[in-house]
Amino acid sequence: MSDQLQMVRDIEREVAYTRRMIGRTALRDSVMHAIRDVPREAFVPETERRFAYDNGPLPIGCGQTISQPYIVALMTDLLELEADAVVLEVGTGSGYQAAVLSRVAKRVYTVEIIETLAMRAAETLTHLGYDNVSCRCVDGFHGWPEHAPYDAIMVTAAALEIPPPLIDQLKPGGRLVIPIGHPFDYQQLILVEKSLSGEVSERTILGVAFVPLTRSGQA
Ligand code: SAH
């Protein structure tokens, strides 16, 4: 079995273990196809490449990490994306999550606060031909208002509260996932849904550990 297929099996096993918490016994086919197709090794530093298909997080430089594949798959699945969806990601990091999203949605906008990472991710994504992803180096607390509203928003860094601009930039009927809690500790992965009439509800999915969402001037 290829390393990538082994990773898919590991994710399926972890989904089965956590099925009660996440409310699903399997993730959508579109999500698992994306996970199978995106070469994770192209998004990690050369020194980490031999671990690229382990089901764990990996360092990507600048003190940041690429999330565990199971969490990437789960967060993508929770957004319940349609093929014509427009998605905002806050926390580009390596660009891996954006690449996975780009295989499931129509258009991905992703923002990263650290310039070195933003530039490297944009290069990797262009090099691999993910041409429906746009990257920008800004503080994602403010979202990316020019392309709003979004069908879905994913925040891949931990915050104490949901940044209000992100709620504003979410379409009615849209979904947002974000780890909420103290940085450098465990957080809760929260799924936010905005109803068609604009009411916002939240659901806790499971415990996660993310690097913090920093703010401009503190990065
Ligand atoms: N999704 C990434 C991993 C995210 S790690 C991947 O697939 O590789 C979290 C990222 O969020 C880090 O790169 C960090 O620099 C970035 N980040 C932290 N605060 C941010 C902010 N306010 N705006 C945008 N990006 C931020």
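Please refer to the structure placed before this passage.
Residues numbered from 1 in each chain as written. Predicted model: local features only at pLDDT ≥ 70, side-chain atom pairs only at ≥ 80, totals over all residues. Heavy atoms only, no water.

> Would you explain the environment of Asp37 in this entry?
Tracing the chain through its elements places Asp37 in helix H3 (residues 29-37). Taking relative accessible area as the criterion, Asp37 reaches 38% and is therefore assigned partly exposed. Residues Asp37 and His142 lie 105 residues apart in sequence; the distance between their C-alpha atoms is 31 Å. (Helix = DSSP H or I, 4+ residues; strand = E, 2+ residues; numbered from the N terminus. Buried < 20%, exposed > 50% of the residue type's maximum accessible area, 1.4 Å probe, protein only.)

> When you look at the site of the ligand in this model, what are you seeing that I'm missing?
Taken together, 26 residues lie near the ligand, and Ser94, Glu112, Asp139, Gly140 and Thr214 sit nearest. Taking Glu112, its side chain carries an N or O atom lying 2.6 Å from an oxygen atom of the ligand. In this structure, Thr214 approaches the ligand through a main-chain N or O atom, which is 2.5 Å from a nitrogen atom. In isolation the ligand offers 580 Å² of accessible surface; the protein chains occlude 99% of this area. Taking a 2 Å distance to the grid points as the criterion, the majority of the atoms of the ligand fall inside the largest pocket. Elements with a minimum of two residues in the shell around the ligand: strand S2 (64-66), strand S3 (86-90), helix H5 (96-104) and strand S4 (107-112). Class assignment of the residues belonging to the shell around the ligand gives a composition of 12 nonpolar, 11 polar and three charged. (Near = heavy atom within 4 Å. Polar contact = N/O pair within 3.5 Å; in protein donor to acceptor, adjacent residues only side chain to side chain. Areas by Shrake-Rupley, 256 points an atom, 1.4 Å probe, with all protein chains shown as cover. 1 Å grid on protein atoms, 1.4 Å probe; cavity = no way out; pocket = protein on both sides within 12 Å on 5 of 7 lines; lining within 4 Å. Sits in = over half its atoms within 2 Å of the grid points. Nonpolar A, V, L, I, M, F, W, Y, C, P; charged D, E, K, R; others polar.)

> Just checking my understanding: could you explain the packing of aromatic side chains for this structure?
Aromatic ring pairs are reported here in terms of the distance separating the ring centres and the angle at which the planes meet. Across all of its chains, the model carries three aromatic pairs by this definition. Their ring planes at 65° and their centres at 5.8 Å tell us that Phe43 and Tyr96 sit as a pair that is edge-to-face. Taken together, the residues Phe43 in the loop between H3 and strand S1 (58-61) and Tyr96 in helix H5 connect sequence positions 53 residues apart. Each member of the pair, Phe43 together with Tyr96, is buried. Site record: aromatic cluster; members linked through ring pairs are Tyr109, Trp144 and Tyr150. Over the ring of Tyr96 we find Arg40; its NZ or CZ atom is 5.7 Å from the centre of that ring. A cation sits over an aromatic face here: Arg215 above Phe141, 3.7 Å from the ring centre. (Phe/Tyr/Trp six-rings, centres within 6.5 Å; stacked < 30°, edge-to-face > 60°. Lys NZ or Arg CZ within 6 Å of the ring centre and 35° of its normal.)

> Any chance you could explain the layout of surface pockets here in plain terms?
Where empty space is left becomes clear once a probe the size of a water molecule has been rolled over the atoms. One number sums up the size of the largest pocket: a volume of about 640 Å³. Of all elements in the fold, only S2, helix H4 (69-78), S3, H5, S4 and strand S9 (200-208) reach the threshold of two or more residues within the lining of the largest pocket. The leading source of residues in the lining of the largest pocket is S2, at three residues. Its residues assigned to classes, the lining of the largest pocket shows 21 nonpolar, 14 polar and three charged. Roughly 190 Å³ of internal volume is contained in the second largest pocket. Around the second largest pocket, the lining comprises 14 residues; the ones closest to its centre are Ala42, Phe43, Val44, Arg120 and Thr124. Counting residues per element, the lining of the second largest pocket draws most heavily on helix H6 (residues 115-127), at six residues. (Points joined across faces, edges and corners; volume = space filled by probe spheres on them.)

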